[in-house]
Amino acid sequence: MREPESPQERIRQRAGEHRAAMESGSWWHSIDLGGGNVTPGVRKLGELRKIYASFGLPDDLTGKRVLDMGCWDGFYSFEAERHGAEVVAVDCFRPENFFRARQALRSNVEFHEMSVYALDRKKLGTFDIVLFLNVVYHLRHPLLGLERICEMTRDVAVIESTVSDNFFPSQIGRPILEFYELDELAGQYDNWWGPNTACLIGMTRASGFARADLLQREETRTLLKAFRNWNGRTPLESPPSLHVPAVFNPVTWERPIPVTGRHAFLGMYARGLPDDVTRDSLRVHAGSFGINPVHVGDSQYPGFKQINTPLPPGLDPGTVPVWIEAGARRSNEAEAELVEGSEW
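Residues numbered from 1 in each chain as written. Predicted model: local features only at pLDDT ≥ 70, side-chain atom pairs only at ≥ 80, totals over all residues. Heavy atoms only, no water.

Engineer: Got a minute to help me understand the overall build of the protein chain in this structure?
Structural biologist: Each helix and strand in the protein chain was counted, giving seven helices and 21 strands. Here the protein chain has a C-alpha radius of gyration of 22 Å; the compact-globule value for 344 residues is 20 Å, and the two agree. Projecting the C-alpha coordinates of the protein chain onto the three principal axes gives extents of approximately 70 × 45 × 35 Å. By residue count, 52% of the 344 residues in the protein chain fall in the buried class. Within the protein chain, residue pairs in contact and separated by at least 24 positions form 59% of the contacts whose partners lie at least 6 positions apart. Counting only carbon and sulfur atoms, one obtains 49% of the accessible surface of the protein chain, whose full area is about 16600 Å². Side chains of the protein chain carry 38 positive and 46 negative charges; the gap between the two charge centres is 2 Å. (Helix = DSSP H or I, 4+ residues; strand = E, 2+ residues; numbered from the N terminus. Rg over C-alpha atoms; globule rule 2.2 N^0.38 Å. Buried < 20%, exposed > 50% of the residue type's maximum accessible area, 1.4 Å probe, protein only. Contact = heavy atoms within 4.5 Å. Areas by Shrake-Rupley, 256 points an atom, 1.4 Å probe, with all protein chains shown as cover. Lys, Arg positive; Asp, Glu negative; His and termini not counted. Charge placed at Lys NZ, Arg CZ, Asp CG, Glu CD.)

In structure tokens:
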């Protein structure tokens, strides 16, 4: 077979294999069922194991909960279980091959048929690790999907997507999201978006993750590892050189902050920050999560900066500590009063 000559052709070829596997009821994932039996997947076992290894997850996942969103035949679900995790697999349809493999492996992976938009931590709980592999570009509402993934994640999410970097090589550092109304991407009607890597990283942070590290970037594929918190925690000085006297809602200018909805924003005044502080040099913490500020600027009070940030997804009503870090300096912990979410 002739090798594809362009990124578009490579995507089209892979999509054709994917579509043929769907229509024939054959396997997309190669899965080792034991006893020398390996399912005849389009994606070969060695390739899949190499991809899983690239996630950089602990070898021993005992005591960890893993969500595999968009599980398909289930290779990554069963692989995480093989490493000791309690696994929940989710897809928007019922993949019969998944159940064949689960039965052959005598697996305890739990399956739910639902859309990413329907993910609910009150129903499924939250997860230490979320796998969100090759789903983003299939979503009509990708940022909403990423927000749902963030809300379900306690620690880290692994996010993979087809990307359009090589379609716009002159704009590689600029966030671009190309829209496909019909079947412009690889002849598939359910391919809606082509983000480039810069856009995928930006959307991941905007959805509520504190940071997104690039694991791999290929011509048409990018793999990210997204974290709910920052690297480590700055020790608290005594007394702290940064001071946050109070936390408020910067939309309503009241103290209660809804955990969801259009008013789910966190505001604070901070004293002791340098004049040249920026959004990129400031870290905000709320409860057990980190979040990127969307505004850092002068306030109406001399000597104080105002900081505004979205509330991190996944917090419950109640009182949570909020503090900031700037370089090696950390503030006191102020209290935020969180209430049930408002309507959109």
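Engineer: Is there a simple way to explain the sheet that holds strand 14 (residues 265–271) in this structure?
Structural biologist: Strand-to-strand pairing in sheets goes through backbone hydrogen bonds, with the strands running parallel or antiparallel. The strand order 12-14-18-17 describes an open sheet built from four strands, whose pairing is antiparallel. This sheet does not close on itself; its edge strands, each paired only once, are strand 12 (247–248) and strand 17 (295–298). As defined by bridge partners, strand 14 adjoins strand 18 (residues 304–310) across seven bridges and the pair is classed as antiparallel. When the sheet's bridge partners are listed, Arg271 is paired in strand 18 with Phe304. (Pairing = 2+ DSSP bridges.)

Engineer: Sorry if this is basic, but what is going on with the environment of Phe98 here?
Structural biologist: Position of Phe98 relative to the elements: it lies in helix 4 (residues 96–105). Given a relative accessible area of 0%, Phe98 falls into the buried group. Between the C-alpha atom of Phe98 and that of Trp72, which follows or precedes it by 26 residues, the distance is 6.8 Å. If sequence neighbours within four positions are ignored, Phe98 has contacts with Cys71, Trp72, Asp73, Gly74, Ser77, Phe78, Ala89, Val109 and Phe111.

Engineer: What exactly am I supposed to notice about helix 2 (residues 45–54) here?
Structural biologist: Residues three or four positions apart in an α-helix share a direction because the helix packs 3.6 residues into each turn. Here helix 2 has its buried residues at Leu45, Leu48, Ile51, Tyr52 and Ser54. Buried-residue contacts for helix 2 involve strand 1 (32–34), strand 2 (37–38), helix 3 (75–82), strand 10 (211–217) and strand 11 (221–227). Within two residues after helix 2, Gly56 carries a phi angle of roughly 70 degrees, on the positive side.

Engineer: Just checking my understanding: could you explain the side chain of Asp128 for this structure?
Structural biologist: Along the chain, Asp128 turns up in strand 6 (residues 127–133). Residue classification places Asp128 among the buried positions, given a relative accessible area of 13%. Here the side chain of Asp128 touches Arg154 through a polar contact of 2.9 Å, side chain to side chain. Discounting residues that sit within four places of it in the chain, Asp128 has contacts with Gly63, Lys64, Arg65, Thr153, Arg154, Asp155 and Val156. (Polar contact = N/O pair within 3.5 Å; in protein donor to acceptor, adjacent residues only side chain to side chain.)

Engineer: Explain unusual backbone geometry here, please?
Structural biologist: A negative phi angle characterises most non-glycine residues, just as the trans form characterises most peptide bonds. For the bond from Ser238 to Pro239, the omega torsion is -5 degrees, close enough to zero to count as cis. The phi dihedral of Trp72 is positive, around 55 degrees, even though this residue is not glycine. Within the secondary structure, Trp72 is located in the loop between strand 3 (65–69) and helix 3. For Trp253, which is not glycine, the phi torsion reads 60 degrees and is therefore positive. A residue is classified by how much of its surface remains accessible, and Trp253, at 51% relative accessible area, is exposed.

Engineer: Would you mind showing me how to read helix 4 here?
Structural biologist: Buried residues of helix 4: Asn97, Phe98, Phe99 and Ala101, and no others. In the core, the buried residues of helix 4 are packed alongside strand 1, helix 3, strand 4 (86–91) and strand 5 (110–113). Among the residues trailing helix 4, Arg106 stands out with phi positive, at a value near 55 degrees.

Engineer: In this structure, what is going on with the nonpolar core? I would like to understand it.
Structural biologist: For soluble globular proteins, nonpolar side chains are generally found buried alongside one another. Ranked by internal contacts, the top residues of the largest apolar core, which has 30 residues, are Tyr52, Phe55, Val66, Tyr76, Phe98 and Leu131. Looking at this core, the elements with two or more residues in it are helix 2, helix 3, strand 4, helix 4, strand 6, strand 7 (153–162) and strand 11. Met114, Leu139, Cys150 and Ala226 belong to the second largest nonpolar core, which has 28 residues in total. (Core = buried A, V, L, I, M, F, W, Y, C linked by side-chain atoms within 4.5 Å.)

Engineer: Is there a simple way to think about the sheet that holds strand 6 in this case?
Structural biologist: Within the open sheet, the seven strands sit side by side as 5-4-3-6-7-11-10. Their pairing is mixed. Strands at the two margins of the open sheet, each flanked by one partner only, are strand 5 and strand 10. Across the sheet, the axes of successive neighbouring strands diverge by a mean angle of 15 degrees, strand direction being ignored. Bridge analysis of strand 4 against strand 5 gives four bridges, and the strand direction is parallel. Paired with Ala89 across the bridge in strand 5 is Phe111. Against the sheet, helix 3 makes contact with strand 3, strand 4 and strand 6, and its axis sits at roughly 175 degrees relative to strand 4, the strand it touches most. (Axes fitted to C-alpha atoms, helices over the stretch in contact; angles between N-to-C directions.)

Engineer: Where do I start with the packing of aromatic side chains in this structure?
Structural biologist: Aromatic rings in a pair are described by how distant their centres are and how their planes are angled relative to each other. For the coordinates displayed, the defined rule picks out 13 aromatic pairs. When the centroid spacing of 5.7 Å and the interplanar angle of 40 degrees are considered together, the rings of Phe55 and Tyr76 count as tilted. Taken together, the residues Phe55 in the loop between helix 2 and strand 3 and Tyr76 in helix 3 connect sequence positions 21 residues apart. Here the two residues Phe55 and Tyr76 agree in accessibility, since each one is buried. Ring centres 5.1 Å apart and planes at 85 degrees place the aromatic pair Tyr269 and Tyr301 in the edge-to-face group. Taken together, the residues Tyr269 in strand 14 and Tyr301 in the loop between strand 17 and strand 18 connect sequence positions 32 residues apart. Among the aromatic side chains, those forming a connected cluster through ring pairs are Tyr52, Phe55, Phe75 and Tyr76. Over the ring of Trp192 we find Arg140; its NZ or CZ atom is 4.6 Å from the centre of that ring. (Phe/Tyr/Trp six-rings, centres within 6.5 Å; stacked < 30°, edge-to-face > 60°. Lys NZ or Arg CZ within 6 Å of the ring centre and 35° of its normal.)

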